[in-house]
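# Per-entry structural report
Here is what each chain is made of, one letter per residue.
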Amino acid sequence: MAKRGTKASRKFAASGQLTKKIQARRKHQQIQKKIHRSGATKGKGREHAQPAQESGGEDEDQEDEVEEKKSSKKRYGMSVDDFLGAGFMGGASDEDAELGDENSDPEDEDEDEDDMEDDASFGSVDDLEDEGATHMQELSKLAEKDPEFYKYLQENDRELLDFNAIEEDYDEEMEDADGQEDDKLPVLTKKILHVWQKSLLEQRSLRALRKLLVAFRSAALMNEEDKVLAWSIDSPEVYDKLVRTALRYTPIILEHHVPYKSLPNGKFKPPTQTQKLKTLQKLILSFFHNIIHITSQLSDPELLKLAVTESTKLLPYVISSRRTVKQYLKTSLNLWSSADDSVRIAAFLSIRRLASAADESILDLVLKNTYQTLVQSSKTTSAHSLPSITFMKNSASEVFCLNHQAAYQHAFGYIRQLAIHLRNSMKMKTKESYKQVYNWQYVHAIDFWTLVLARACDVQGSNATKSGELEPLIYPLVQVATGAVKLLSHPRSYPFHLHLVRSLVHLTRHTRTYIPLAPHVLPILTATLASTKTKASTLRPPDFETTLRAPQQYLHTRVYVEGLADEAAFLSAEWLSVRAVHGSIAFPELVVPITATLRRALKTAHGGPKVSATVKALIERVEESARWVSQRRAEVTFAPKKTAAVDLWETDLQLDDAPLLKYVRVLRKAREKQRKLVEKARKGEDEVLEE
């Protein structure tokens, strides 16, 4: 681990004197390069001897400087070159950053992060392009040794001779900027940005990249106090162009110089540790931290989306820094749960990209924080927040299905937590204990895990061959959901029951696992049929997708009873139409108790004509489908004990023409039309809702 500087050294760096010292030293180095360049045609011995004779005073200063270096090194354990090169500002090594250094002081971590972001840590990037000066010297010698070939290059390959002209133009601009007063920062202009862009596109220049990222740091920290900046940005147009240029060009330049590996399974590995990558590591980390910082300041959704999208391309270069990964994951999850739709999609793609890392510990970190963010964002549900929560559940389920083995550990633990809450509520039977189950977080958690298991165990999807890893979790999840349904049977709790039944129907449809839901839906239908003294009301029909517990004023009202009957009948038809139920060879016998119970309830029905008509239509379609299945199985020649033949018959059975499925398709179209009308009315458009 690199040694930290003394307290006096850190104060010297924070005061801003370090930056001025570094700039003066670089200016001196540029002058020395020009001197060496002008004397390139002279002999080496003369080149080294003449400055020694003509600049005796300077040699004495240099000797004093060397002595000062030695004494300071003995005194503080570091050289002046190390101090001026800001070597102490890098903090811990990359390996220490990867381990997280959990036992370190939080204040020290903050200081290390600030040190890492300082401009002085970028100075070593210039050494990667010192070969440009050597190239210019070789070209000047070529003009003397082979004039004809030099003339040919002038006519056919002028860029080879003038490739360093852009850098010289920038050096002249910087010299003009250095001529200003010390207390005024140079103002960044579009002309300077254009010079950097040209150098990046034509030469893939790392030196131009360093200058661009130093300016980007000034843009990201321009509103922060006590920060030493290198540029002043006065124009919003320049600010916008700088941010866009840095975000778009940096991944391209890094991919050119230090490419990373993409594995066939969609994962990626960090680039190979080379000397060039080690030199660029601090530059990349600082730029990445600046992106994380600037995302909290950007208000333009398009620019924010660009920042998230382009930062995703830099993940292979920063994946070794665990602290950086945690900060980026926290920022992405925040945008994923609260930003605009386009930004949320980009944030989800970055989260999925991070989960695709070859390091499984990062995947565990992503899965844990993704689920916690989802649960925290689903405390309340309304018509406005429901689409957002639905998007989060669908996208999070995709992340959990990236690695079924890692997802099993998390799913098992979180489903067990739901079971513990349910057990405590069943034992204590108090109002407070019931609230641990009857809440939106519990409902969305169960629905989320049904989505995960349905996606992972889908018999018709791409994950059909991997269903064995998460399939054992279907049974405990169903037990938790059905136990929560049976916890309370009050009419006000029926919306809660319908939410859980809807989730289990989805699970049944995709996994083709038979789940007996009739005992949980029939009580709702029979209760609506047996309702007496239903009173008319001017209350609007309840939206069961955003209702968890019916308000007290809805009890015994006609609008509530009819809404319950429609919703329960639709879910019953949905459950009976899935292949795990309707595709069974025993479907005619399976529906006998259901139809018998509903017909018995119809004889003493008091819920109103609309409720009775809804239940009658359901009974007729179910019995018609039972006869349809009986006709097709009448031709079989095998006995019920021939399970292989039974499975083959059920697989070959085509359900598209079944009467119940046609009925369900009609109900879906009617509900979708009603939903669109309600959505338009909510947005204030002139629409009339017909009953």
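Quick notes on the rules
Residues numbered from 1 in each chain as written. Predicted model: local features only at pLDDT ≥ 70, side-chain atom pairs only at ≥ 80, totals over all residues. Heavy atoms only, no water. Helix = DSSP H or I, 4+ residues; strand = E, 2+ residues; numbered from the N terminus. Buried < 20%, exposed > 50% of the residue type's maximum accessible area, 1.4 Å probe, protein only. Contact = heavy atoms within 4.5 Å. Areas by Shrake-Rupley, 256 points an atom, 1.4 Å probe, with all protein chains shown as cover. Salt bridge = Lys/Arg side-chain N within 4 Å of Asp/Glu carboxyl O. Disulfide = S-S within 2.5 Å. Axes fitted to C-alpha atoms, helices over the stretch in contact; angles between N-to-C directions. Parallel < 35°, antiparallel > 145°, perpendicular 65-115°, else oblique. Left-handed = near helix turned anticlockwise from the far one by under 90°. Nonpolar A, V, L, I, M, F, W, Y, C, P; charged D, E, K, R; others polar.

### Notes on the overall build of the chain
- Tallying secondary structure elements over the chain gives 35 helices and 2 strands in all.
- Taking all 691 residues of the chain together, the buried fraction comes to 44%.
- Looking at the chain alone, contacts between residues at least 24 apart form 74% of all its contacts between residues at least 6 apart.
- With the model as given, the accessible surface of the chain reaches about 37100 Å², and the carbon-plus-sulfur share is 50%.

### What about the pattern of salt bridges?
- Within the structure shown, the criterion is met by 16 salt bridges.
- Among the ionic pairs, Lys 435 bridges to Glu 432, the shortest N-O distance being 3.9 Å. Placement of both Lys 435 and Glu 432 in helix α23 (residues 431-435) is noted, with a separation of 3 residues, approximately one turn of the helix.
- Owing to a relative accessible area of 45%, Lys 435 belongs among the partly exposed residues under this scheme.
- Judged by relative accessible area, Glu 432 falls into the exposed class, the value being 55%.
- Taken together, the shared-partner salt bridges connect Asp 240, Arg 244 and Asp 300 into one network.

### Overview of the side chain of His 520
- Residue placement: His 520 occurs in helix α28 (residues 518-529).
- The class of His 520 is buried, set by a relative accessible area of 12%.
- In this structure His 520 touches Thr 482, Val 485, Lys 486 and Val 501, once residues within four positions along its chain are discounted.

### A word on the state of the cysteines
- What the rule picks out here adds up to 0 disulfides.
- Residue Cys 401 stays outside any disulfide, its sulfur separated by 8.3 Å from that of Cys 457, the closest cysteine.
- A residue is classified by how much of its surface remains accessible, and Cys 401, at 10% relative accessible area, is buried.

### Concerning the packing of helix α20 (residues 360-377) against helix α24 (residues 440-456)
- Between α20 and α24, whose axes approach to 9 Å, the crossing angle comes to 140 degrees. In terms of axis orientation, α20 runs oblique to α24. α20 and α24 meet at a crossing whose hand is right-handed. Across the interface between the two elements, Tyr 371, Leu 374, Val 375 and Gln 376 from α20 touch Gln 441, Ala 445, Phe 448 and Trp 449 from α24.
- A breakdown of the residues in the contact of α20 with α24 according to their chemical character gives 6 nonpolar, 2 polar and no charged.

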